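Survey of secondary and tertiary structure
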Amino acid sequence: MKKIPFRQCIAAIMLVILSCSAQKTYKVASPGKSNEVTFSLTKTGQPQYILSSGKTKVLEPSLMGFEFDGLPKMTDGFKVLSTEKNTVNTTWDQPWGEFKKIKDNHNELTIHLEETGGQKRKMDIIFRVFDDGMGFRYSFPKQPNLDKVKISNELTQFVFPADENVWWTPVHRENSYYESHYRKTSMSRTDTINTPATFEAKSGLFLAVHEAALTDYASMTLLKGKNNTYTSELVPWADGTKVYTQAPFATPWRTIIIAKKPGDLVTSTLMLNLNEPSKITDTSWIGPSKYIGIWWGMHLEKFSWGQGPKHGATTKITKEYIDFAAKHGLNGVLVEGWNTGWDGDWTADGRAFSFTQPYPDFDIEEITRYGKSKNVRLIGHHETAGASQHYESQLEDAFSLYNRLGVNSVKTGYVNKYLDKKEWHDSQYGVRHYRKVIETAAKYKIMIDNHEPVKGTGLQRTYPNLMTWEEGRGQEYNAWSNDGGNTTDHTVLLPFTRMLSGPMDYTPGNFGFDYKLPQGAKVNTTLAHQLALYVVLFSPLQMASDLPENYEGKKEFEFIKQVPCIWAETTVPDAKLAEYTVIARKDWNSNDWYLGAVTNKDARKLNVPLNFLDAGKTYKAEIYADGAGADYKSNPYPVSIESKTVNSKTVLDVNLAPGGGTAIRFSEVK
Ligand code: NOJ
């Protein structure tokens, strides 16, 4: 018998051991089989997952795990105790939104893990795979060796197959509440980035990494690593801890939308499906609103928030705004600067603000009485300048006052680098505060429009009184920013980036382009583009942001008056990221459709098939397009308004000027 050398023998035995220990894989595919997750443990017993879409790899093996302060980490040394599968196929109704009905069809795989040695601690990972993407969360059951914990790191990887191109904003560098322009670079050239982050993968897929149901936890940002890898980087408390918690607890869902074309990002309902159903049973008091405000006047320095000769929030001016709103069928008037605390540098320390004490020239009782007589509601305003504890100490009184006066929506604000001088808006500290505000508001039947918020993660499903929020560069940057104002591609891109986290109070509707402020910012769109934004940028509370005098007598204002702000259906006939966007939506309350098309700095001609219209019906299309010579740079005003008869077979020529847009209403001709 031929002798096998000792070394070769050992090598052969090792190979057998390794292949025997080759880890078992656990797979779960989406109902339509388009996407699939494969879970396994590495050789050291660390959880990992792979994500694919058909034959395309979306994510390579990506590790999962946790580190704690003062406790052994939970990264490797796991075994799979058991697994469970489940399928959901239901449809649920929204009280408002971009769709009336949402289908939740997913397959779920739960992996129950336990440490093989040491403390035998347990951790579950739950995957839900949909045809539009995937979400997973960690869940820590109640157990003897894991009780109160301080999470020092969540180590969830997203390992891409290539150095993909990504649209991103930096974390806490340019500001602390996401108000940056998106930029596109390869992954390797990013910082730590915010989510939603939108990837244009080399495979041709469009991907968006984000999270859903952020509850009593820190926001997830993405820390750039080597080899096409991002790792979750939780936003810390001032003391460095990421999350204070106690088992049982579950993390938010880590989500990836998988889209074949840009429009599929917009119509994905993954984030909402991964949130809990409404905790508010009677939603009859929750509804859309179109509003104007004593607002742009402050940004243009026509008015002041604080007291003095230019004080905007006076009884007289507010009544004039109420009259204007009533005349034009708008049902809300936002008034900023109505309460004491604005005098001097209000951004420095919000502890001067009272949320119940009006300035002497603002008769809130008379104003709300007057508004009621004209069917116009005052929209409340609570600027905190980041003093969230001070705000919390007045929260009940503040909402109770508004509730008594019939004010049913409130815009909140947190202009300051930090909350309470040291905590990030998107830390667990901030997440807890914003939730408290939403819950307290719900108690008083008040809807919230949150400026300088924590990013949206679909909580509006659970608390439908969370209507809209800022989380981005809004129209206001066109007044006072020192970089020229929002870029021409900013609004074109928002539906595929920022808006993946929910509605945005961008405050469109600029009609007056000729103001001059020392910083030199301007609106870099045409007027028709501003009209199209009412369809392109979803917000159930939607502002007509300009001064009333800029709307008075303008025929283009008719579009703003008519356009709804909640929608039964949404579709994206055409789009190229940051170049042009065409979105069509069906009115929530009628069979009318609306279309908004916007372009960046380049003029273009688009052929838009109207196949979203009901087949066999005839529609009148009222078209507000860029007029002759329109150009965002030098001539933003011209709008041509014409009517055409169209049907679902029509392919419409849409001509967009540089920085331009087209807004269309389609109403059925009986
Ligand atoms: C910033 C908000 O975004 C803006 O809309 C508001 O006018 C100011 N803060 C003052 O509260």
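Residues numbered from 1 in each chain as written. Predicted model: local features only at pLDDT ≥ 70, side-chain atom pairs only at ≥ 80, totals over all residues. Heavy atoms only, no water.

Quick notes on the packing of aromatic side chains
Scanning the model with the defined rule gives 40 aromatic pairs in all. For the ring pair Tyr418 and Trp424, a centre distance of 4.8 Å and an interplane angle of 45° mean the geometry is tilted. A residue is classified by how much of its surface remains accessible, and Tyr418, at 24% relative accessible area, is partly exposed. Exposure remark for Trp424: the relative accessible area of 15% places this residue in the buried category. Both rings, one in Phe513 and one in Tyr637, keep their centres 5.2 Å apart while their planes meet at 85°; by these two values the pair is edge-to-face. Of this pair, Phe513 sits in the loop between helix H10 (490-493) and helix H11 (527-536) while Tyr637 sits in the loop between strand E33 (618-626) and strand E34 (639-646), and the two are 124 residues apart along the sequence. Of the residues examined, Tyr637 reaches a relative accessible area of 30% and is grouped as partly exposed. Taken together, the ring pairs in this structure connect Tyr26, Phe39, Tyr49, Phe66, Phe68, Phe127, Phe136, Tyr138, Phe140 and Phe249 into an aromatic cluster. The side chain of Arg461 reaches across the aromatic face of Trp92, ending 3.6 Å from its centre. (Phe/Tyr/Trp six-rings, centres within 6.5 Å; stacked < 30°, edge-to-face > 60°. Buried < 20%, exposed > 50% of the residue type's maximum accessible area, 1.4 Å probe, protein only. Helix = DSSP H or I, 4+ residues; strand = E, 2+ residues; numbered from the N terminus. Lys NZ or Arg CZ within 6 Å of the ring centre and 35° of its normal.)

Here's the deal with unusual backbone geometry
Thr195 connects to Pro196 through a cis peptide bond whose omega is 0°. Examined against the element boundaries, Pro196 turns out to sit in the loop between strand E14 (183-186) and strand E15 (197-200). A cis amide bond links Ala247 with the next residue in sequence, Pro248, at an omega value of 5°. A positive phi is found at Ala213, a non-glycine position, where the angle reads about 60°. The exposure class of Ala213 is buried, given its relative accessible area of 11%. With a phi close to 55°, Lys445 is a non-glycine residue in the positive phi region. With respect to the helices and strands, Lys445 occurs in the loop between helix H8 (428-443) and strand E26 (447-450).

Describing the side chain of Asp587
Following the sequence through the fold, Asp587 ends up in strand E30 (residues 580-587). Put simply, Asp587 is tucked away with no salt bridge, and the nearest opposite charge, on Arg665, sits 6.9 Å away. There is a polar contact of 3.2 Å between the side chain of Asp587 and the backbone nitrogen of Asn589. Of the polar contacts made by the side chain of Asp587, one reaches the side chain of Ser590; its length is 2.7 Å. In this view, Asp587 contacts Pro564, Ile566, Trp567, Ala568 and Asp592; residues no more than four positions away in its chain are not counted. (Lys, Arg positive; Asp, Glu negative; His and termini not counted. Salt bridge = Lys/Arg side-chain N within 4 Å of Asp/Glu carboxyl O. Polar contact = N/O pair within 3.5 Å; in protein donor to acceptor, adjacent residues only side chain to side chain. Contact = heavy atoms within 4.5 Å.)

What about the pairing of strand E16 (residues 206-212)?
The buried fraction of E16 amounts to seven of the seven residues, a majority that puts the element mostly inside the structure. Neither face of E16 is left uncovered, since the one carrying Phe206, Ala208, His210 and Ala212 and the one carrying Leu207, Val209 and Glu211 both have all their residues buried. One ladder, built from four bridges, connects E15 with E16; its direction is antiparallel. Across the sheet, the residue bridging to Ala197 is Val209, located in E16. Counted between consecutive antiparallel strands, the loop separating E15 from E16 contains five residues, among which Gly204 sits at a positive phi close to 100°. Bridge analysis of E16 against strand E21 (residues 253-259) gives seven bridges, and the strand direction is antiparallel. By the bridge assignment, Ala208 is partnered in E21 with Ile257. (Pairing = 2+ DSSP bridges.)

A short note on the sheet that holds strand E22 (residues 289-294)
Spatially, seven strands are ordered E27-E26-E25-E24-E23-E22-E28 in an open sheet, and the strand pairing comes out parallel. Of all the strands in the sheet, just strand E27 (466-469) and strand E28 (541-543) have a single pairing partner and so form its edges. When the angles between neighbouring strand axes are averaged without regard to direction, this sheet yields 30°. Looking at chain direction, E22 and E28 are connected through three bridges and run parallel. Its bridge partner lying in E28, Tyr291 is registered against Met543. (Axes fitted to C-alpha atoms, helices over the stretch in contact; angles between N-to-C directions.)

Digging into the sheet that holds E33
Strand order in the open sheet made by the six strands is E29-E30-E31-E36-E33-E34, with antiparallel pairing throughout. For this open sheet the edge positions go to strand E29 (567-576) and E34, each flanked by a neighbour on one side alone. Taking the axes of each pair of neighbouring strands and ignoring which way they run, one obtains an average angle of 15° across the sheet. For E33 and strand E36 (residues 661-669), the ladder comprises eight bridges, and the chain directions are antiparallel. Along E36, the bridge assignment pairs Ala625 with Thr662.

Here we look at H11
Within H11, ten of the ten residues are buried, which leaves it mostly tucked inside the rest of the structure. The complete set of buried residues in H11 reads Leu527, Ala528, His529, Gln530, Leu531, Ala532, Leu533, Tyr534, Val535 and Val536.

Function cannot be read off these values alone, since they describe shape.
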